[in-house]
Amino acid sequence: MIPLSMLLDDAKCYDVLRGLRWPDGVACPCCQSSQVSKQGRDTTQPARQKYRCGACGRHFDDLTGTIFAGRHQPLRVWIGGLYLMGLNLSNCQVAHELDLNEDDTQRMATQLRSGIIASEPTPILSGKVECDEVYIVAGHKGHPEAVRKKGRKGRCRRLKGAPGRGTLEKEKPPIFGMIERGGQVVLRMLENVQQKTIRPLVQAIIAPGTLVYTDEYDIYSRLPEWGYDHKTVCHSRGEYARDEDGDGFHEVHVNTMEGFWSLLRSWLRPHRGISQENLPLYLGFFQFVHNVRRRGRGLLQPMLCALLTGPVRNTV
Ligand SMILES: [Zn+2]
């Protein structure tokens, strides 16, 4: 068998990485000086260029200070893994495609997801914002310590989750979503949905005075007190959109958030049985995917830019 990673070229991967990391020429990661001289190649990875900074005298190379530095796997495996994550393959599928061990792949994917999430500044939402929550069944798969602490045996079958609204404790954590119409989304896994839990989040993410649409669940009832204009849609009356001013536009709805939940559901489908320890990573990653407005192959560049240089929006 010829694994995909054998067909990927390290030299090309380094070219791409240098182009994204230093679009205006190599700069010292420590003092940002561009007085940099080449100092030969890495002995084990010949595509990896070494440099010396003429200003501060430090030595560095293509990977210094990036998430890819000091890794056992060659760069082409990391970039191949990132590409496949953009196609939304499960860790198990990525391991298979790259001919890697599953534990190594799990670690690599966790580091990549965490790096991407850390690079994204938390958006501030304004204009018209919808808030809503869903509940995702998530146990402690792969975390036997946590299962033991709950005083029960590990399960062989899929978790069903407790009926009704969930909590983290009941292994059906609430996922709280805030989305600006035509804009960005912010997702958080919460322990529960109480006013005191959502208040600091709402106030950190949504600009004061914003018009916020929600359903009639009472956790949202104090939004006016917290400094927001608030409109509700009553799901129990079968009312999903209301035309308040009679102009034919049905603006009181949380359809944007509900449409988003169905995208999230499809995105999470290949990753069976995500544990509650890992769920925030998957949510944060999908938040990034949604906010850069790319899918599939188009995601590789924004993901690499995020990992190499921090947030970059709307790159071609
Ligand atoms: Zn320097």
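(A) Quick look at the sheet that holds strand E5 (residues 174–180). Taken in spatial order, the 5 strands line up as E6-E5-E4-E7-E8 in an open sheet, and their pairing is mixed. Single-partner strands in this sheet number two, and they are strand E6 (185–189) and strand E8 (229–233). Within this sheet the neighbouring strands show an average axis-to-axis angle of 20°, counted without direction. Where strand E4 (residues 128–135) lies against E5, 7 bridges are found, and the strand directions are antiparallel.

(B) Representation of the confidence of the model for the chain in the model. Scored by pLDDT, the chain comes out at a mean of 88, with 86% of its residues at no less than 70. Highest mean pLDDT in the chain belongs to strand E2 (residues 49–53) (98); lowest belongs to helix H6 (residues 144–149) (69).

(C) Just the coordination of the zinc ion, in detail. Those donors, Cys 28 (SG), Cys 31 (SG), Cys 53 (SG) and Cys 56 (SG), are the protein atoms that reach the zinc ion, and they lie 2.3 to 2.4 Å from it. Taken together, the 4 donor atoms surrounding the zinc ion define angles of 102 to 118° at the centre, an arrangement classified as tetrahedral. Here the donor residues of the zinc ion share one chain and are spaced in sequence as C-x2-C-x21-C-x2-C. Of this pair, Cys 31 sits in the loop between helix H2 (10–21) and strand E1 (36–41) while Cys 56 sits in the loop between E2 and strand E3 (59–61), placing them 25 residues apart in sequence.

(D) Geometry of the pattern of salt bridges. Taken as a whole and assessed by the stated rule, the structure comprises 7 salt bridges. Of the charged contacts in the structure, one is a salt bridge between Arg 181 and Glu 130, with a shortest N-O distance of 2.7 Å. Pair noted here: Arg 181 is in the loop between E5 and E6 and Glu 130 is in strand E4, with a separation of 51 residues, a long-range link. For Glu 225, the salt bridge identified is with Arg 222, shortest N-O distance 3.2 Å. By relative accessible area, Arg 222 is classed as partly exposed at 32%.

Thresholds, definitions, all that
- Each chain carries its own residue numbering, running from 1 in the written order of its sequence.
- The predicted origin of the model limits local features to residues at a pLDDT of at least 70 and limits the giving and counting of side-chain atom pairs to 80 or more, whereas totals for whole chains, interfaces and linings rest on all residues.
- Neither water nor hydrogens contribute to the side-chain values; these are computed over all heavy atoms in the structure.
- Any two strands between which DSSP finds at least two bridges are classified as paired.
- The helix and strand labels rest on DSSP assignments: H or I over at least four residues marks a helix, E over at least two residues marks a strand, and numbering proceeds from the N terminus.
- Only the contacting stretch of a helix is used when fitting its axis, a line to C-alpha atoms as for every element, and angles between N-to-C directions run 0 to 180 degrees.
- Think of pLDDT as the predictor's per-residue confidence, scored from 0 to 100.
- Coordinating N, O and S atoms are those within 2.8 Å of the metal (3.2 Å for Na, K and Ca), and as water is not part of the atoms, a site may appear to have fewer donors than expected.
- Angle rules define the geometry names used: all angles between 85 and 135 degrees makes four donors tetrahedral, while opposite donors over 155 degrees apart and all other angles between 65 and 115 make four donors square planar and six octahedral, leaving every other case irregular.
- What counts as a salt bridge is simple: a side-chain nitrogen of Lys or Arg found within 4 Å of a carboxyl oxygen of Asp or Glu.
- For every residue, the accessible area obtained with a 1.4 Å probe (protein chains only) is divided by the maximum for its type, and the residue is called buried under 20%, exposed over 50%, and partly exposed between those limits.

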